[in-house]
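# Summary of the model geometry
Each chain is listed here by its residues.
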Amino acid sequence: MRLWLPLSIIAAWAFLAILNPMFSLTPDAIDLTNILSPPNLAHWLGQDELGRPVADRLISGAQTSFFVSLCVVALGVSLGGILGVSSAYLSGWVDAVFVRIVDVMLAFPGLLLAIALAGALGPGIGNVILALGIVGWVGYARLARGQVLALKHADHVLAAQAIGAPPWRIILRHLLPLIMAPLIVEASFGVAGAIIAEAGLSFLGLGVQPPAASWGA
Amino acid sequence: MTHFLVTRILSAMLALLGVICLVFLLIHIIPGDPVEVMLGESAQPTDKETLRHALGLDLPLHQQWWIYFNGLLHLDLGTSLFSGRAILDLLIERIPATLYLSLVSLVVAIGLALPLGLVAAVRQHTPLDYGAMGFALFGMSIPNFWMGPLLILVGALWLGWFPVSGQEGWNSVVLPALTLGTAMAAILARMIRSSVLEVLGEDFMRTAHAKGLSLTRAVLFHALPNALLPILTLLGLQLGGLLGGAVITETVFAWPGLGLLMIEAIQQRDYPVVQAAVLCISVTYIMVNLLTDLLYAWLDPRIQFTSD
């Protein structure tokens with residue numbers, strides 16, 4: 001019951017986001033005669049300052065927000081996962097340098113770096129994904145590294161080493177599957193964070209460009 | 001203790017150096033020609049060359065880095081492309097407003113979170129607890145760019161108690177501080193609750209009850225001080241984040257702080273100012289976290305023993 005409610009809310013939004021081309025929405029239709037009109041039957045949530053239907057913009061904004069946040073998390077998990085696992089497995093100076101780089105990334109307040117990157121790269125969805133991904137991978141990398149450090153001397157890894165499996169095979173076949181669970185948990189929090197971050201960047205004018213809709217713009 | 005101090009300060013210095021490098025590289029990740037982006041495509045070739053030379057972008061990368069680093073050592077952050085003023089002056093102008101807002105927000109956050117967290121911990125699994133934690137979830141889920149306009153609507157437009165934006169009278173700080181403070185209080189209250197709950201089960205709490213202390217006294221003077229350490233760390237992180245995360249809130253309220261400076265500079269493509277603002281905020285963040293760690297060691301003698 002406790003899981004059922006949030007899951008159905010997420011499913012409903014995902015459904016709307018994926019299927020929104022079927023609803024013949026008009027999120028960009030400007031109607032200057034009905035600026036800021038209150039909700040009515042034709043426009044369920046009223047109209048914005050350009051007379052565009054708010055409900056339509058909300059639904060097509062869901063598409064942007066979901067797309068961006070999923071891409072950001074996918075980028076972060078794959079980049080962070082690969083780097084973190086490799087660093088922990090290879091250890092030595094590679095690991096030492098890697099830990100320093102992660103420390104530097106964590107020395108920035110997260111959103112600040114994303115804003116600066118998005119500002120430098122220029123506005124646009126692709127650059128928002130890139131900026132948030134660059135900021136976001138660090139957390140996954142640290143998590144993956146910690147997990148591998150704990151697992152790397154496990155018996156099955158030693159056995160794999162003993163029969164001469166190359167490092168990439170051990171990482172892919174014997175380490176990654178075991179650390180997926182904590183990474184997925186972290187990633188699900190990451191999606192929520194990315195949605196808010198994307199909305200924040202779009203609010204500041206660094207995300208999606210008008211007339212496209214997003215939950216922040 | 002000295003060992004802990006030295007390693008902690010050294011690692012902060014290293015992070016500082018890394019931050020300087022990243023900020024330096026910021027201007028080089030601009031796609032295409034940064035000079036063209038700053039001046040616009042229709043700029044005269046001679047103007048472009050002048051700017052390129054003024055920014056030192058025609059030199060090899062390591063030389064540019066050295067000039068940048070050398071400038072930082074002499075507190076020379078360059079000049080703004082937009083206003084032509086020294087960037088250091090611009091920063092000094094904006095820092096007090098951000099500092100003021102951060103401190104007031106911190107007070108609001110602690111004022112809200114401390115009673116909520118304490119009550120939730122002492123009355124665990126009662127409606128009071130659920131109410132406080134419900135508020136926390138609420139506060140965490142609301143983005144600042146929605147909370148801000150909502151507070152403007154209610155506090156400034158309907159009630160007319162506070163100015164809509166800017167930094168005018170004494171009361172103009174109330175709405176932005178509430179926006180930032182409630183978001184912080186949400187996370188802080190949860191931390192206080194779990195941290196105090198952990199301490200409540202300790203033997204010395206049973207002793208305190210056994211010798212007849214009132215609940216208030218036992219919680220305030222015996223439980224809270226022992227639960228304070230993780231709370232302090234979080235506060236340090238939050239204060240650091242506040243100085244940077246205030247970008248959105250400062251934009252909503254047109255609060256003349258560092259965050260607004262940075263957004264204005266991004267919009268004007270004034271990249272040297274963006275660099276300086278990011279650097280300034282990040283350095284503050286590192287310093288606040290360093291101070292928190294040192295304070296932590298000073299407050300809890302157990303840390304000193306383990307590090308030696």
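Residues numbered from 1 in each chain as written. Chains lettered and ligands numbered in written order. Predicted model: local features only at pLDDT ≥ 70, side-chain atom pairs only at ≥ 80, totals over all residues. Heavy atoms only, no water.

### Overview of helix H6 (residues 127-141) of chain B
Residues and elements named next belong to chain B. Taking 1.5 Å as the rise per residue, H6 with 15 residues should run 21 Å; its terminal C-alpha atoms sit 21 Å apart, in good agreement. Buried within H6 are the following residues: Asp 129, Ala 132, Met 133, Ala 136 and Gly 139. Looking straight down H6, one finds its buried side chains confined to an arc of 115°; they lie on one side. In H6, the exposed positions angled more than 90 degrees off the buried face are occupied by Pro 127, Tyr 130 and Phe 138. At its buried positions, H6 is contacted by helix H5 (87-122) and helix H8 (174-200). (Helix = DSSP H or I, 4+ residues; strand = E, 2+ residues; numbered from the N terminus. Expected span 1.5 Å × (residues − 1). Buried < 20%, exposed > 50% of the residue type's maximum accessible area, 1.4 Å probe, protein only. Arc of directions from axis to C-beta. Contact = heavy atoms within 4.5 Å.)

### Thoughts on the environment of B:Thr7
All names here are of chain B. Mapped onto the secondary structure, Thr 7 falls in helix H1 (residues 2-26). With a relative accessible area of 41%, Thr 7 lands in the partly exposed category. Between the C-alpha atoms of Thr 7 and Leu 73, which are 66 residues apart in sequence, the distance is 23 Å.

### Some details on the environment of A:His153
All names here are of chain A. Inspection of the secondary structure puts His 153 in the loop between helix H5 (125-151) and helix H6 (155-162). Exposure remark for His 153: the relative accessible area of 59% places this residue in the exposed category. Through-space distance from the C-alpha of His 153 to that of Tyr 89 is 10.0 Å; in sequence the pair is 64 residues apart.

### Description of the side chain of B:Gln275
All names here are of chain B. Secondary-structure assignment places Gln 275 in helix H12 (residues 271-299). Gln 275 gets classed as buried once you look at its relative accessible area, which sits at 7%. When near neighbours in sequence (up to four residues on either side) are disregarded, Gln 275 contacts Val 23, Phe 24, Leu 26, Ile 27 and Tyr 68.

### As for the confidence of the model for chain A
In low-pLDDT segments, the atomic positions of the prediction should not be examined closely. Residue-level pLDDT values for chain A average 82, and 92% of them are 70 or greater. By mean pLDDT, helix H1 (residues 4-19) of chain A is the weakest element of chain A at 79, and H6(A) is the strongest at 89. (pLDDT = per-residue confidence, 0-100.)

### What about the interface of chain A and chain B?
At the interface, 23 residues of chain A touch 30 residues of chain B. Summed over both partners, the interface of chain A with chain B buries about 2,200 Å², with 84% contributed by carbon and sulfur atoms. The interface formed by chain A and chain B contains 0 salt bridges. In this assembly, chain A and chain B are joined by 1 residue pair in polar contact (both at pLDDT 80 or more). Elements represented by at least two residues in the side of chain A that touches chain B include exactly helix H3 (92-106), helix H4 (110-121) and helix H7 (167-203) of chain A. Examining the composition of the side of chain A that touches chain B, we find that 8 residues originate from one element, H4(A), more than from any other. (Buried area = accessible area lost by both parts, 1.4 Å probe. Salt bridge = Lys/Arg side-chain N within 4 Å of Asp/Glu carboxyl O. Polar contact = N/O pair within 3.5 Å; in protein donor to acceptor, adjacent residues only side chain to side chain.)

### Topic: a nonpolar patch on the surface
Residues and elements named next belong to chain B. A cluster of nonpolar side chains, namely Trp 146, Leu 150, Leu 153, Val 154, Leu 157, Trp 158, Leu 159, Trp 161 and Val 164, defines an oily patch on the protein surface of about 920 Å² accessible area. Turning to its location among the elements, Leu 159 is positioned in the loop between helix H7 (144-158) and H8. For Leu 159, a relative accessible area of 43% gives the class partly exposed. (Patch = residues over 30% accessible without salt bridge, like charges linked within 9 Å, V, L, I, M, F, W, Y side chains within 5 Å. Areas by Shrake-Rupley, 256 points an atom, 1.4 Å probe, with all protein chains shown as cover.)

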